[in-house]
Amino acid sequence: MVFDRDRVKGIAADPIAHARVAREQTGRPVIATLSSWAPHEVIEAAGGTEVRLPAPDGGAMQGNRARAHLQAASCFLCQGALEAGLDGSLDFVDAVLFVQTCDAQQNLSDIFKIAVPSIPVLDMYMPVNRTSRGAAAYLEKEIERVCRDLGAITGKTPGPDELGSALDARREQVDALSALYGSRIEADGLVPAMDFYSVCVASSCLPPSQAAPIARSLVEDIRSKAAVRECPVERSCMLVGSTLPYPGLYELFDRIGVAVRDDDLSLGRRLFDHPVPAGGSPVERIARGMLDRSSGATKFDDGLVRGSGLLRAARRAGVKHVVMPVLKFCDPWAWDFPAVRDRLEAAGMGMLLLELAGGEDLAAGTIRNRVEAYFEMGSVGDLFDG
Amino acid sequence: MGKPVDRIRAFDLLKGVMKRHYTWAKVYGKLGGKVAWVTSGAPVELLLPFGIYPVYPESHGAICAARRMSPELMEVVEKRGYSQDLCAYALSDIGHAITGKSPVGGLPRPDLLFCCTNICGTVLKWYQALAEHFRVPLVMVDTPFIPDETTCAAPVAVPPHSVTFVKKQLGEAVESFERITRKSYSERKLRKVLDRSREAMNLWKAVLETGKHHPAPMTCFDAFILLNPIVTVRGTSGCVRFYRKVLDEMNRRAAVKKGRVPDERLRLVWDNIPVWYKMKDLSTFFSERGVCLVADTYTNAWADNEIREGEPLDAMAEIYTGIFLNRGLRSRADVLARLVRKYEADGMILHSNRSCKPYSFGQYDALRLAHESTGKPGFILEADHVSPRHWDDKRVFNGLQTFLESFG
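Asks: Tell me about the environment of Cys75(A), and please be specific about residues and values.
Replies: With respect to the element layout, Cys75(A) can be found in the loop between strand E2 (49–52) and helix H4 (76–86). Residue Cys75(A) is classed as buried on the basis of its relative accessible area, which comes to 8%. C-alpha of Cys75(A) to C-alpha of Asp331(A): the two residues are 256 residues apart in sequence and 8.0 Å apart in space. Residues in contact with Cys75(A), not counting those within four places in the same chain, are Ala104(A), Lys328(A), Phe329(A) and Phe361(B).

So this is what it looks like as structure tokens:
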């Protein structure tokens, strides 16, 4: 299969539009989610297609309807999601599933129920204390409840067989994305960062059976180009943060010639960074997979030193710089920045925080200036470091 | 009409209680006792049987804010890369931890940290930062949020699997405390502490309910101050003794119709944490206009739930998971409307608190719901409970004046 760059890029540019068309063509119910902690396998097993609620664009942040429900200092991701519900962009969606992972999202769920009564809202709580011995049993009960709630929406309550098949499909997708990220260093300068982002977005809103071949086709594309590589890219980095649904950010790195060698993002490595567990019932396996995932900023793993996993990943990727783009008023990631930066700097690495308001032209303007200036300074520093 | 009159005598008692608390906390650590920094919603009763002395950064943060020291503490932390948009309690507390500065001599160094997510997710990040700073263990209890149903509030009962999960974590916390103190868990001791907590909370509830009298013998500004012991020394006999005396005083005032606000003409309910650094100005502003804030959702949170008798960890798991701030928007709006009715209030003031997202998100809809339920109007006051950066005297008092004029 040849990597169809234009098609995949088109999906990434507007996953909501893609989901609307898919809904019309296939009749498969669409379940919108806001968090990467959504139980993807359960949505698939219930016969649904998942799509991420949209992030805010420029227009949504000025004089929007969401402001009648949310204060100006509310998480911008939540503002964008609510605005989409209010402006009719989600009128084709069968339900919204909120997985409560932070103060903003858990309140948004209840606001959404009031503000957008035409769209059913489902809730799920993902344990914060994942190292408790009670976390797995609790999560299994939550997953069972979500199975029933989703079944009421889609008309297909998933049982062990459907969940087992969804786990198999999920494993295939995880393997394909793992292989893709494994070839990332090889892809320096050959394949734009935008391609990786596009594949990840497509993977988040296509059934696994369609998404896995796309990831594999990009691996093939990289391998065919690697044979004719002329010179390696000199500047590289890793991205870390929450959801980052802005293609412009990846275009920025491509334009200024900085290779993104790895990431720790919801629409990136965190889509697949844990193996699908074997053994046990499907519900147990799904729960264990969620509890084994890397923690991100919203979870507590007893004994975890913040930033240590990122430091290992940055070393593995061979980068000296980590960029943390954070949407405005995203508290969990804003909290982690100083600790993570200190850890990286102590190891001789640099870190750049980018606070995004949503809707700005990321490939130009202030953000571009900041990134360019940072990497130019970084390049000078690298020379002196020898 | 004028400023609040007839000084409340319990304030003098309170000074003594709090002075003893902070002094003893410092001495306790020096004598080799273990000190824990604890979030205000944490199941603190669990610590006392182990002889662990709890202190509350949030209470200390309120004092720092009231004494106008918070901006100085926050700046120290912001220079280290923390965003100005984060919780100002947390920022000023971390600033205190780094600098040791405090208007009351500061908190003793902790031997452990104990946080519970029932008040917000921020406490986890805040206490992670403290754990890294002090290099001490962090014990946390995760209480699953209870969202609304589609068109109504969630049932009052906490889902059984949530109770099981929280109880499991309470058991794990006990194991941690046993390791840290090398003492064994005693259910008998815990029951005794819970009995005292229950009694103090009932007394506190009775104190707040004296606000039902016309005129009310106290305002919510008094309650914000008198709240301190139910947060900081809950589970002790000193706490029970204090609230007995407060209740006596309030009952005496109510019996002779001694109102806290001269010529009370309007009664309002407050929502959210107070604006600590503007308490006096706000109290004077309302009092001068004959407006009494007779109740509030914040101090009510320590009065609204009774720890049932029975197996202690089960009872604690239920009560600490089902608290006001860990429930959905409709539940919180219901509490607001209930207070308006119970205290025969004429309206509501909702402090949209920039620092406290879980308390503030959804307030616009909460006000709409409470208004539909009670027919009473409300006003959203934009501010921050600790940071004066977002306060504008002219804007706030003009807005409040206009709101009050709407009552005629």
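Asks: Lay out the sheet that holds strand E1 (residues 35–38) of chain B with the relevant residues and their values.
Replies: Residues and elements named next belong to chain B. The strand order E2-E1-E3-E4 describes an open sheet built from four strands, whose pairing is parallel. The open sheet is flanked by strand E2 (53–55) and strand E4 (138–141), the only strands paired with a single partner. Geometrically, the sheet is characterised by an average inter-axis angle of 25° between neighbouring strands, direction not taken into account. In the sheet, E1 pairs with strand E3 (residues 112–116) via three bridges, with the strands oriented parallel. The partner of Val38 across the bridge, within E3, is Phe114. The sheet strands contacting helix H5 (residues 122–134) are E1, E3 and E4, and the helix crosses E3 at an angle near 175°.

Asks: Outline the interface of chain A and chain B, supporting the account with residue identities and numerical values.
Replies: Residue-level contacts link 47 residues of chain A with 53 residues of chain B. The tally of links from chain A across to chain B stands at six salt bridges. Between Arg306(A) and Glu132(B) there is a salt bridge, and its shortest N-O distance comes to 2.9 Å. Summed over the shared surface of chain A and chain B, the number is 24 residue pairs in polar contact (both at pLDDT 80 or more). Elements represented by at least two residues in the side of chain A that touches chain B include exactly helix H5 (103–115), strand E4 (121–125), helix H6 (135–154) and helix H13 (331–346) of chain A.

Asks: An account of a nonpolar patch on the surface is requested, with residue identities and associated values reported.
Replies: Taken together, the side chains of Trp24(B), Val27(B) and Leu31(B) present a nonpolar region at the surface, about 300 Å² in accessible area. One can find Val27(B) in helix H1 (residues 10–30).

Asks: Go over the side chain of Asp365(B), please, and point to the residues and values.
Replies: Take Asp365(B): it is sitting in helix H16 (residues 363–374). A polar atom in the side chain of Asp365(B) sits 2.9 Å from the side chain of His69(A). What Asp365(B) contacts, discounting residues up to four positions off in sequence, is His69(A), Ile111(A), Ile114(A) and Leu329(B).

Asks: Quick rundown of empty space enclosed by the protein? Include the residues and the values.
Replies: Remark: the empty space left among the atoms is shown by a probe the size of a water molecule rolled over them. Summed over the entire model, instances satisfying the criterion amount to ten cavities of 30 Å³ or more. Counted as a void, the largest cavity has a volume near 570 Å³. Residue lining of the largest cavity: 43 residues in total, with Thr101(A), Cys102(A), Asp103(A), Thr298(A) and Pro332(A) positioned closest to the centre. Of all the secondary-structure elements, those providing two or more residues to the lining of the largest cavity are H4, H5 and H13 of chain A together with H5 of chain B.

Asks: Describe the nonpolar core, with residues and values.
Replies: One finds Trp204(B), Phe286(B) and Leu381(B) to be the most contacted residues of the largest nonpolar core, which totals 277 residues. Broken down by element, the residue count for this core peaks at nine residues, all from helix H8 (residues 193–205) of chain A. Not counting residues within four places of it along the chain, the set of residues in contact with Trp204(B) comprises Ala223(B), Leu226(B), Leu227(B), Ile230(B), Tyr243(B), Thr299(B), Trp302(B) and Ala303(B). Residues Val240(A), Ala313(A), Ala317(A) and Met349(A) belong to the second largest nonpolar core, which totals 19 residues.

Asks: Got a sec to walk through the packing of helix H1 (residues 5–13) of chain A against helix H9 (residues 208–226) of chain A? Specific residues and values, please.
Replies: Residues and elements named next belong to chain A. Two elements in contact, H1 and H9, have axes whose closest approach is 12 Å; the angle formed by their N-to-C orientations is 130°. When the axis of H1 is compared with that of H9, the two are oblique. Crossing angle aside, the handedness with which H1 passes H9 is left-handed. Of the residues in H9, those in contact with Arg5, Arg7 and Val8 of H1 are Gln210, Ile214, Asp221 and Lys225. Classifying every residue of the contact of H1 with H9 by side-chain character gives two nonpolar, one polar and four charged.

Asks: I'd like a rundown of the layout of surface pockets, residues and numbers included.
Replies: The computed volume of the largest pocket comes to approximately 1,300 Å³. Lining the largest pocket are 39 residues, and of these Phe11(B), Leu14(B), Ala66(B), Ile225(B) and Met279(B) lie nearest its centre. When residues of the lining of the largest pocket are traced back to their parent elements, those giving at least two are H1, helix H2 (57–66), helix H8 (220–226), helix H9 (228–232) and helix H11 (279–288) of chain B. For the lining of the largest pocket, the leading source of residues is H1(B), giving six residues. The residue inventory of the lining of the largest pocket, partitioned by class, reads 21 nonpolar, six polar and twelve charged. Looking at the second largest pocket, its volume works out to about 1,000 Å³. What lines the second largest pocket is a set of 39 residues, and nearest its centre among them are Leu304(A), Gln128(B), Ala131(B), Glu132(B) and Val136(B). Counting only elements with at least two residues in the lining of the second largest pocket, the list comes to H13 of chain A together with helix H4 (88–99), H5, E4 and helix H6 (160–181) of chain B. Its residues placed into classes, the lining of the second largest pocket shows 18 nonpolar, eight polar and 13 charged.

Asks: An account of unusual backbone geometry is needed here, citing residue identities and associated values.
Replies: With omega at -5°, the peptide bond leading from His214(B) into Pro215(B) counts as cis. Position of Pro215(B) relative to the elements: it lies in the loop between helix H7 (187–209) and H8. One non-glycine residue, Phe329(A), lies in positive phi territory at about 65°. You can see Phe329(A) is positioned in the loop between strand E7 (321–327) and H13. Using a relative accessible area of 10% as the deciding quantity, one classes Phe329(A) as buried. The phi dihedral of Asn272(B) falls on the positive side, at around 95°, and the residue is not glycine.

Asks: Just give me the short version of the sheet that holds strand E8 (residues 378–383) of chain B, but keep the residues and values in it.
Replies: Residues and elements named next belong to chain B. Sheet architecture is open: four strands sit in the order E6-E5-E7-E8, paired in parallel fashion. Of all strands in the sheet, those bounded by a partner on one side alone are strand E6 (291–296) and E8. Sheet twist, expressed as the average angle between the axes of neighbouring strands with direction ignored, equals 30°. Of the pairings in the sheet, the one linking strand E5 (residues 266–271) to strand E7 (residues 347–353) comprises four bridges and is parallel in character. Bridging from a neighbouring strand, Leu268 pairs with Gly347 of E7. Relative to E6, H11 is tilted by about 125°, and along the sheet it contacts E5, E6, E7 and E8. Of the strands in this sheet, E5, E7 and E8 touch H16, which is tilted by about 170° from E7.

Asks: Describe the pattern of salt bridges, and please don't skip the residues or the numbers.
Replies: A full pass over the atoms with the stated rule returns 47 salt bridges over all chains. Linking Glu175(B) and Arg133(A) is a salt bridge whose minimum nitrogen-to-oxygen distance equals 2.8 Å. Residue Glu175(B) is located in helix H6, and its partner Arg133(A) is located in the loop between E4 and H6; the two belong to separate chains. Accessibility expressed as a relative area gives 30% for Glu175(B), which makes it partly exposed. Classification of Arg133(A) by relative accessible area gives exposed; the value is 51%. With its nearest N and O atoms 2.6 Å apart, the salt bridge here joins Arg306(A) to Asp336(A).

Rules behind the numbers
Residues numbered from 1 in each chain as written. Chains lettered and ligands numbered in written order. Predicted model: local features only at pLDDT ≥ 70, side-chain atom pairs only at ≥ 80, totals over all residues. Heavy atoms only, no water. Helix = DSSP H or I, 4+ residues; strand = E, 2+ residues; numbered from the N terminus. Buried < 20%, exposed > 50% of the residue type's maximum accessible area, 1.4 Å probe, protein only. Contact = heavy atoms within 4.5 Å. Pairing = 2+ DSSP bridges. Axes fitted to C-alpha atoms, helices over the stretch in contact; angles between N-to-C directions. Salt bridge = Lys/Arg side-chain N within 4 Å of Asp/Glu carboxyl O. Polar contact = N/O pair within 3.5 Å; in protein donor to acceptor, adjacent residues only side chain to side chain. Patch = residues over 30% accessible without salt bridge, like charges linked within 9 Å, V, L, I, M, F, W, Y side chains within 5 Å. Areas by Shrake-Rupley, 256 points an atom, 1.4 Å probe, with all protein chains shown as cover. 1 Å grid on protein atoms, 1.4 Å probe; cavity = no way out; pocket = protein on both sides within 12 Å on 5 of 7 lines; lining within 4 Å. Points joined across faces, edges and corners; volume = space filled by probe spheres on them. Core = buried A, V, L, I, M, F, W, Y, C linked by side-chain atoms within 4.5 Å. Parallel < 35°, antiparallel > 145°, perpendicular 65-115°, else oblique. Left-handed = near helix turned anticlockwise from the far one by under 90°. Nonpolar A, V, L, I, M, F, W, Y, C, P; charged D, E, K, R; others polar.

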